[in-house]
Amino acid sequence: MHSLTTTILVVEDEETVQQTLAYNLRQEGYEVLSASDGETALDIIRSEHPNLVILDIMLPGLDGLTLCRTVRRDPSIAQTPIIMLSARGTQGDKMVGLDSGADDYVTKPFDLGEFLARVRAVLRRAPSRPVQSQSLIAGELELDLTGRRVYRGEQELKLSSKEFELLAELMQNEGAVLSRDLILSRVWGYDYYGDSRTVDVHIRWLRQKIEEDASNPKHIITVRGIGYRFEA
């Protein structure tokens with residue numbers, strides 16, 4: 001059983017699915033909040049700060065993809081873990097979902113046991129988990145692992161949850177070349193369905209935020225044909 005302080009928001013407009021997920025999550029020991037539309041969900045995320053959001057893509061009004069992007073742009077809630085649900089399970093759909101900022105993407109219909117395993121995996125990687133070191137420093141960059149904040153000099157940089165974890169993985173392995181597949185397994189945390197382009201997309205976003213000149217990066221170096229290397 002988990003601490004009741006672990007709160008999960010289920011955003012799903014199909015009442016049967018919403019109730020089934022809520023019931024099974026409560027059986028696992030989680031506290032569950034529910035919403036049937038995107039606007040209500042956004043209000044709950046901002047007011048209650050849940051530990052995890054289960055987010056259906058097809059919602060009335062504010063759809064799941066737009067809601068996810070809205071959350072990621074708001075610094076006060078940007079690091080909220082999100083698992084996206086969708087009946088659309090093509091490779092392209094998953095890429096769009098993950099590139100919108102979702103931490104995981106589950107296709108309906110899904111096996112309940114696998115779904116709960118995904119929930120546990122995402123929560124393990126969430127900000128509340130213990131970290132080995134409190135901060136990493138590389139030149140003018142400082143990454144605060146405990147507070148999940150990144151600074152360049154005196155300026156705080158606003159990173160999404162995935163961008164933060166990607167930068168942490170690179171900085172913790174400074175000087176080592178990390179392949180795209182290795183980055184996927186460590187940062188996304190499970191056997192990723194997609195191709196490695198999602199790493200390239202997140203690297204591009206990260207460079208735009210941490211590099212003085214994203215077109216001539218000094219920190220995140222591309223190793224052609226392999227992956228990326230971080231240099232202080």
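Anyway, here's the lowdown on the structure attached to this text. Owing to the predicted nature of the structure, the values given are computational and were not obtained by experimental measurement.

Side note on the overall build of the chain
Helices and strands together make up the secondary structure of the chain, namely eight helices and twelve strands. Long-range contacts, defined as pairs at least 24 residues apart, comprise 57% of the intrachain contacts of the chain with a sequence gap of at least 6. Carbon and sulfur atoms make up 48% of the accessible area of the chain, which totals about 11,100 Å².

Quick word on the pairing of strand 12 (residues 227–230)
By the bridge criterion, three bridges tie strand 10 (residues 177–179) to strand 12 in an arrangement that is antiparallel. Counterpart to Val-177 in the pairing with strand 12 is Arg-229. In this sheet, strand 12 lies alongside strand 11 (residues 220–223) in antiparallel orientation, the contact comprising four bridges. The residue of strand 12 that forms the bridge with Ile-221 is Arg-229. Linkage of strand 11 to strand 12, two consecutive antiparallel strands, is achieved through a turn of three residues, within which Gly-225 is found at a positive phi near 80°.

Re the environment of Ile-8
Along the chain, the position of Ile-8 falls in strand 1 (residues 7–11). A relative accessible area of 0% places Ile-8 in the buried class. Along the chain, Ile-8 and Pro-50 lie 42 residues apart, while their C-alpha atoms are 5.6 Å from each other. Excluding residues that lie within four positions of it along the chain, Ile-8 makes contacts with Leu-25, Tyr-30, Glu-31, Val-32, Leu-33, Leu-52, Ile-54, Val-119 and Leu-123.

A look at the side chain of Thr-6
Checked against the element boundaries, Thr-6 lands in the segment before strand 1. Judged by its relative accessible area of 17%, Thr-6 falls in the buried class. Contact partners of Thr-6, with chain neighbours within four places excluded, come to Tyr-30, Glu-31, Asn-51 and Leu-123.

Section: the sheet that holds strand 9 (residues 155–157)
Reading across the sheet, the four strands line up as 6-7-8-9 and stay open at both edges, with antiparallel pairing between neighbours. Each end of this open sheet is capped by a strand with a single partner; those strands are strand 6 (135–138) and strand 9. Taken pair by pair, the neighbouring strands of this sheet meet at an average axis angle of 25°, ignoring direction. Taken together, the four bridges between strand 6 and strand 7 (residues 141–144) define a ladder with antiparallel strand orientation. For Ala-138, the partnering residue across the bridge sits in strand 7 and is Leu-141.

Side note on the packing of aromatic side chains
Enumeration according to the criterion identifies one aromatic pair in this entry. Considering the side-chain rings of Phe-110 and Phe-115, the 5.1 Å spacing of their centres and the 25° angle between planes classify their relative orientation as stacked. Given the relative accessible area of 24%, Phe-110 is considered partly exposed.

Examining the layout of surface pockets
Space inside the largest pocket adds up to approximately 770 Å³. Considering the residues around the largest pocket, the lining is formed by 42 residues, among which Ile-77, Ala-78, Gln-79, Thr-80 and Ser-161 are closest to the centre. Grouping the constituent residues of the lining of the largest pocket by class yields 14 nonpolar, 17 polar and eleven charged.

Examining the packing of helix 1 (residues 15–27) against helix 5 (residues 112–124)
The geometry of helix 1 relative to helix 5 is characterised by a closest axis approach of 11 Å and an angle of 60° between their N-to-C directions. Handedness of the helix 1/helix 5 crossing: right-handed. The residues of helix 5 that touch helix 1, namely those facing Leu-21, Asn-24 and Leu-25, are Leu-112, Phe-115, Leu-116 and Val-119. Split by residue class, the contact of helix 1 with helix 5 holds six nonpolar, one polar and no charged.

A word on the sheet that holds strand 11
Across the sheet, which stays open at both edges, the three strands sit in the order 10-12-11 with antiparallel pairing between neighbours. The open sheet has two free edges, formed respectively by strand 10 and strand 11, since each of these has just one partner strand. The average undirected angle you get between the axes of adjacent strands in this sheet is 35°. Contacting strand 10 and strand 12, helix 7 (residues 180–188) runs over the sheet at an angle of about 80° to strand 10. The sheet strands contacting helix 8 (residues 197–210) are strand 11 and strand 12, and the helix crosses strand 11 at an angle near 145°.

What counts as what
Residues numbered from 1 in each chain as written. Predicted model: local features only at pLDDT ≥ 70, side-chain atom pairs only at ≥ 80, totals over all residues. Heavy atoms only, no water. Helix = DSSP H or I, 4+ residues; strand = E, 2+ residues; numbered from the N terminus. Contact = heavy atoms within 4.5 Å. Areas by Shrake-Rupley, 256 points an atom, 1.4 Å probe, with all protein chains shown as cover. Pairing = 2+ DSSP bridges. Buried < 20%, exposed > 50% of the residue type's maximum accessible area, 1.4 Å probe, protein only. Axes fitted to C-alpha atoms, helices over the stretch in contact; angles between N-to-C directions. Phe/Tyr/Trp six-rings, centres within 6.5 Å; stacked < 30°, edge-to-face > 60°. 1 Å grid on protein atoms, 1.4 Å probe; cavity = no way out; pocket = protein on both sides within 12 Å on 5 of 7 lines; lining within 4 Å. Points joined across faces, edges and corners; volume = space filled by probe spheres on them. Nonpolar A, V, L, I, M, F, W, Y, C, P; charged D, E, K, R; others polar. Left-handed = near helix turned anticlockwise from the far one by under 90°.

This is a description of form; function is not addressed.
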